[in-house]
Amino acid sequence: RQLDAAGIAVSCIGSPIGKVQIRSDLEQHFRRFQVALLRADQFGCAAVRLFSFYHEGEDAATVRDIVVKQLQRMTIAAAEAGIVLLHENEKGIYGDTPQRCLDLLTVVDHPNLRAAFDPANFVQSGVAVLSAWELLAEWGSYFHIKDAVADPARVVPAGLGDADVESILRAALAR
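Quick summary incoming for the structure in this document. (Residues numbered from 1 in each chain as written. Predicted model: local features only at pLDDT ≥ 70, side-chain atom pairs only at ≥ 80, totals over all residues. Heavy atoms only, no water.)

What follows deals with the nonpolar core. Counting residues in each nonpolar core, the largest one holds 46 residues, and the members touching the most others are Phe-33, Val-48, Val-67, Met-74, Leu-85, Phe-117 and Phe-122. When contributions to this core are tallied by element, the ones reaching two or more residues are α2 (26–42), β2 (47–50), α3 (60–81), α4 (98–108), β4 (113–117), α5 (119–124), α6 (129–136) and α7 (165–174). Among the elements that line this core, the one with the most residues is α3, at eight residues. The residues contacting Phe-33, other than those within four sequence positions of it, are Ile-17, Met-74, Ala-77, Ala-78 and Leu-85. (Core = buried A, V, L, I, M, F, W, Y, C linked by side-chain atoms within 4.5 Å. Buried < 20%, exposed > 50% of the residue type's maximum accessible area, 1.4 Å probe, protein only. Helix = DSSP H or I, 4+ residues; strand = E, 2+ residues; numbered from the N terminus. Contact = heavy atoms within 4.5 Å.)

With the rule as written, the count across this model stands at zero disulfides. Of all cysteine sulfurs in the structure, the one in Cys-45 sits closest to Cys-12, which takes part in no disulfide; the separation is 6.4 Å. No disulfide involves Cys-101; its sulfur sits 16 Å from that of Cys-12, the nearest cysteine. (Disulfide = S-S within 2.5 Å.)

So, on to unusual backbone geometry. Along the chain, Asp-151 connects to Pro-152 via a cis peptide bond; the corresponding omega equals 0°. Mapped onto the fold, Pro-152 is located in the loop between β6 (147–149) and β7 (154–156). A positive phi is found at Phe-53, a non-glycine position, where the angle reads about 70°. By the element assignment, Phe-53 lies in the loop between β2 and α3. Even without being a glycine, Asp-109 presents a positive backbone phi close to 45°. The exposed category is assigned to Asp-109, whose relative accessible area is 54%.

Taken together, the buried positions of α6 are occupied by Val-129, Ala-132, Trp-133 and Leu-136. End-on view of α6: buried residues confined to an arc of 100°, all on one side of the axis. Of the surrounding secondary structure, the elements contacted by the buried residues of α6 are α4, β4, α5, β5 (140–143) and α7. (Arc of directions from axis to C-beta.)

Dropping the structure here:
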């Protein structure tokens, strides 16, 4: 009611879904995910941001199938609720490289799973950000406007880091 009275709308629920170890209790985590879908409905927004699971101590390739299965399950539930999931890249999760983000997006291959592009997180993962955007542009639906410097590793205001945020936004607008 307070948001409505102030004329403020919510565009996305910035959830921590998928920011758990892939070998954790995924049923319990799915129940938390369902709460995020409920909150999206309550706030009248059509998107929930999520991540693709930490895999500490394991190579990404060994957890891929489990990650894909979880994202497929969540995407189906989101579609039934009329919600779009926005997968955000982050250091240390399965989708921390543009290639693995693309893998998830193309394997799940559903209009209710899109990319939330975070340039700072790609910098922190040691990725060339503009080439990441070129690879993921087709899937990009949301930007987390953030920047980072690689050395020393830290987040900085947009435009003051190594992510070349201006070039990425120009490329997105041209698209």
